[in-house]
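Notes for the structure review
One letter stands for each residue in the lines below.
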Amino acid sequence: MTDMVTAALPIDLGSGPFAVTTQGLVRRFGSVRALDGLDLQVPEGAVYVLVGPNGAGKSTLIRTLMGLVRYEAGTVNVLGRNPADLGAEVRAGIGYVPEDYRAGYPWMTVGRLLEHQAVYHPSWDAEYARRLRARYEIDPGRRCHTLSKGQSRRVQLVLALAHRPPLLLLDEPTDGLDHVVRDETLSILSEHLADSTTTVVISTHRVYEVEPLVDHVGVLAAGRLLGQLPRHELHGSLLRYWADVPEGWRGPKELGGRVVQRSGAARAIEWTVWGDRDAVTRGLSQAGAAVREVAPLSVDEAAVALLSGKEAS
Amino acid sequence: MTDSTVGRMPAMKDVWIEQLCVVGLAIRREGALAALALALGSLALVAFARIPVLQAIVDEGDVGEFVFNPGEPPWGFFAVLAALLLPLAVWKGERRFGDTPLWSLPVDHRRHALLKVAAGWVWLMAILGTALVWVTLTVLASGGVLGVDEVRLLIIDPAGAAAGTPGATESVSWTTPWWEWATPFTSATAAYLVASTLMLATARPLFWAAGLWVAGAVVLGVGEVWEIGWIERNIELVAWYVGGDSFNRGVQLPTGWTEGWTLLPTMKLWTALSAIWIGVGLVGVLGASRRPRNQ
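What counts and how
Throughout, a residue's number is its position along its own chain's written sequence, starting from 1. To read the labels, note that chains go from A and ligands from 1, taken in the order they are written. In keeping with the model being predicted, local features are shown solely for residues with a pLDDT of at least 70 and side-chain atom pairs are shown and tallied solely at 80 or more, while totals for entire chains, interfaces and linings include all residues. The side-chain figures draw on all heavy atoms in the structure; neither hydrogens nor water molecules are used. Secondary structure is summarised from DSSP: a helix means a run of H or I of at least four residues, a strand means a run of E of at least two, and numbering begins at the N terminus for each. Here's how the labels work: a residue is buried when its accessible area is under 20% of the maximum for its type, exposed when over 50%, partly exposed in between, all with a 1.4 Å probe on protein chains only. What makes two residues a contact is simply this: any of their non-hydrogen atoms within 4.5 Å. Exposure was quantified through the Shrake-Rupley algorithm and a 1.4 Å probe, taking into account, for residues, occlusion by the shown protein chains and nothing else. Only four residue types enter the tally: Lys and Arg on the positive side, Asp and Glu on the negative side, with His and both chain ends excluded. Throughout, a charge is located at the NZ atom of Lys, the CZ atom of Arg, the CG atom of Asp or the CD atom of Glu. Note on terminology: pairs of cysteine sulfur atoms within 2.5 Å are recorded as disulfides. Whenever a carboxyl oxygen of Asp or Glu lies within 4 Å of a side-chain nitrogen of Lys or Arg, that contact is scored as a salt bridge. Nonpolar core, defined: a set of buried Ala, Val, Leu, Ile, Met, Phe, Trp, Tyr and Cys residues in which side-chain atoms within 4.5 Å join the residues together. DSSP bridges decide pairing: two strands pair if at least two such bridges lie between them. Boundary definitions for the domains trace back to an automatic or database domain assignment. The buried area of a pairing is the accessible area, by a 1.4 Å probe, that goes missing from both parts when the two are put together, added over both. Think of pLDDT as the predictor's per-residue confidence, scored from 0 to 100. Within 3.5 Å is the distance limit for a polar contact, defined as a pair of N or O atoms, with the added protein rule that one can donate a hydrogen and the other accept it, and that residues adjacent in sequence qualify only through two side-chain atoms. Residues are grouped as follows: Ala, Val, Leu, Ile, Met, Phe, Trp, Tyr, Cys and Pro are nonpolar; Asp, Glu, Lys and Arg are charged; every other residue, Gly included, is polar.

Moving on: the overall build of chain B. Summing up its helical and strand segments, chain B has 10 helices and 6 strands in all. If one aligns the C-alpha atoms of chain B with their principal axes, the spans along those axes are about 90 × 50 × 30 Å. In chain B, which comprises 295 residues, the share counted as buried stands at 40%. By sequence separation, contacts in chain B at least 24 residues apart represent 72% of the contacts at least 6 residues apart. Looking at chain B as shown, the accessible area adds up to about 15500 Å², and 69% of this sits on carbon and sulfur atoms. Averaged over its 19 positive side-chain charges, chain B has a centre that lies 18 Å from the centre of its 23 negative ones.

Before going further, it helps to spend a moment on the state of the cysteines. Tallying each qualifying case throughout the model produces 0 disulfides over all chains. As a non-bridged cysteine, Cys144 of chain A has Cys21 of chain B as the owner of its nearest cysteine sulfur, 17 Å distant. What makes Cys21 of chain B partly exposed here is its relative accessible area of 36%.

Our next topic: the pattern of salt bridges. Summed over all chains, the structure comprises 22 salt bridges over all chains. Glu18 of chain B is the partner of Arg112 of chain A in a salt bridge, and the nearest nitrogen-oxygen pair spans 3.0 Å. Of the two residues, Arg112 of chain A is situated in helix 3 (residues 110–120) and Glu18 of chain B in helix 1 (residues 12–26); the pairing between them involves two chains. A relative accessible area of 5% places Glu18 of chain B in the buried class. The residue Lys149 of chain A makes a salt bridge to Asp175 of chain A at a minimum N-O spacing of 3.5 Å. Of the two residues, Lys149 of chain A sits in helix 5 (residues 149–161) while Asp175 of chain A sits in the loop between strand 8 (167–171) and helix 6 (179–195), which places them 26 residues apart along the sequence. Using a relative accessible area of 34% as the deciding quantity, one classes Lys149 of chain A as partly exposed. Taken together, the salt bridges that share partners define one network made up of Lys149, Asp175, Arg182, Arg206 and Glu209 of chain A.

Further remarks concern the nonpolar core. By size, the foremost hydrophobic cluster in this structure holds 122 residues, and its most contacted members are Leu40, Val49 and Leu169 of chain A together with Trp91 of chain B. A per-element tally of this core places helix 7 (residues 183–201) of chain B first, with 7 residues. When residues no more than four places from it in sequence are discounted, the contact partners of Trp91 of chain B are Arg96, Leu102, Trp103, Ala113, Lys116, Val117, Met199 and Leu200 of chain B.

Time to look at the pairing of strand 6 (residues 256–261) of chain B. Residue and element names in this part refer to chain B. Relative to strand 6, strand 5 (residues 248–253) is paired through 6 bridges, and the arrangement is antiparallel. Counted as the bridge partner of Gly250 is Glu259 from strand 6. Taking the residues between adjacent antiparallel strands as the criterion, strand 5 and strand 6 are bridged by 2 residues.

Residue and element names in this part refer to chain A. Looking at the element boundaries, Glu233 is found in helix 7 (residues 231–237). Considered as a pair, Glu233 and Val217 are 16 residues apart in the sequence and their alpha carbons are 9.8 Å apart. Beyond its immediate chain neighbours, meaning those up to four positions away, Glu233 contacts Pro10, Leu238 and Trp274.

Residue and element names in this part refer to chain A. As assigned here, chain A comprises domain 1 (16–222) and domain 2 (233–308). On a C-alpha basis, the centres of domain 1 and domain 2 stand 36 Å from each other. On the domain 2 side, the residues contacting the 11 residues of domain 1 number 7 residues. Summed over both partners, the interface of domain 1 with domain 2 buries about 650 Å², with 82% contributed by carbon and sulfur atoms. Scanning the region where domain 1 abuts domain 2 turns up 0 salt bridges.

All names here are of chain B. Residues with a pLDDT of 70 or more make up 94% of chain B, whose mean pLDDT is 86. Across chain B, helix 1 holds the top mean pLDDT of 96, while helix 3 (residues 52–57) sits lowest at 72. Interface confidence for the predicted complex, given as ipTM, is 0.85, next to a pTM of 0.87.

Of the residues lining the interface, 35 residues belong to chain A; the matching set on chain B comes to 37 residues. Between chain A and chain B, the buried area comes to about 3000 Å², and carbon and sulfur atoms account for 59% of it. The three residues of chain A that bury the most area against chain B are Tyr105, Trp107 and Tyr120 of chain A, which together make up 25% of that side's buried surface. Asp100 of chain A serves as the salt-bridge partner of Arg95 of chain B, at 3.9 Å between the closest nitrogen and oxygen. At the junction of chain A and chain B, the tally comes to 12 residue pairs in polar contact (both at pLDDT 80 or more). Tallying contributions element by element places helix 3 of chain A first for the side of chain A that touches chain B, with 5 residues. Of the residues assigned to the side of chain A that touches chain B, the class counts are 17 nonpolar, 8 polar and 10 charged.

Here it is as structure tokens:
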């Protein structure tokens, strides 16, 4: 038996300060609402992972923050500016890895592409760019059109990091990277965050690849946020409960809206519930369930549970 | 943040210079091919004009005098053709309606697009100037002459000219005016701006260019079939402006066929057509540059 309902997770992260906020953000493509009243809050200095299935609106959101896509309703604030009005100023403070893995101009060499980027960013750190290039084993003489998907991604990461922007927008940054390079990328990002005061927004549907870096999570589905919260809060309040229950057991009514995922056999349940651990355990026990085990979920497992619920609801 | 340059915008002067460099790199292959073709053509011209063995191959040794007048066909047409094709090279590799590379950089999209178009135009002028100097030197080296100095038969009344009516034709002394040396530059500028408009405004510029070409041919056909005078006159003006064979044609006189001119272009005509077509191109580019790069 598997039954899922949508849990009411928190959306409001408090009063900030925030590097990025959106309120009621709407963007349609024809009859499809890619962003459907989105309220995003990314705290300054956070590593915020935006989780969602394909088509959830992650890339549209990131391109909107870059000032590349116009929005129809709502407000957007990135580094204190509206990208629709001051797109150039906003982009000056952003390191961007787009969903499209093609880096630069096909006919340009990687070395020339790095020089090109340096002209546009007065804060370009040439020595840092050289070090990153060396770590990623990128040949500066290669033309961009000869790069593989993974090599292009590495070049894009160098372009995004080397001007040490206050905000990184990384759209599927590990897409196309093999395990070794992916680990190297996480290591580079960790060192970068240690060296520079940077807010990071990572969009991905493979959270496990970036999980070690993440401290805030936003779960996006069908253009809406199902929840956004600090990782420690997710870790402490979204828990999986294993319990033995009597035949025909239906569960306590007071938990209804907070149950993210139900599964298990007839007399053994496995519920994912949002809420205070003691209160949920007490509620289950009072309803006749014998709770055997309670465990936190990884960000990836939490995202899967939340998104499964959304898709089924 | 400790570095005060973080998040700072680039200087427009630096962006302009970079766009000049990037466009130069983008068009270098096409430029090299054009230079090679020009060099081979020049070599052939000088060789056939100067080497007796080769002279004998052509026209039984009568090579004739090579006359170079940049204001007359086919030179202006070559310049316009180059200008129409150049934007394809200028925007090579650019996702004009995507995210990168140009649009994700910290410059206003409209301004960035216009800077790129302007950089392409600077290169176009440099290429045309170099080609003009090169052809001029080649013509001089092959013993040819620059410009024409001749008497032209102006047809005032075609029917009267055929009937031999006095006053239907007029002989006019014609020397290549200075401004004809500038016509390839102005017509190429207009053509470049119109082609750049298509690049900036449409996702499929070649499709639209073909559509415009067909529409022009239909208008021309309608004008000729129904003998609509204003259409024929305007088509003639456009044809002249883009370096085509336009105002001169064979006319039947009582003494036989000869070459006559329906109109001798003037500086006023060149200025007016330049103002109109460059104006149209500028309005087009300015308007197209406002189009959102990503819907």
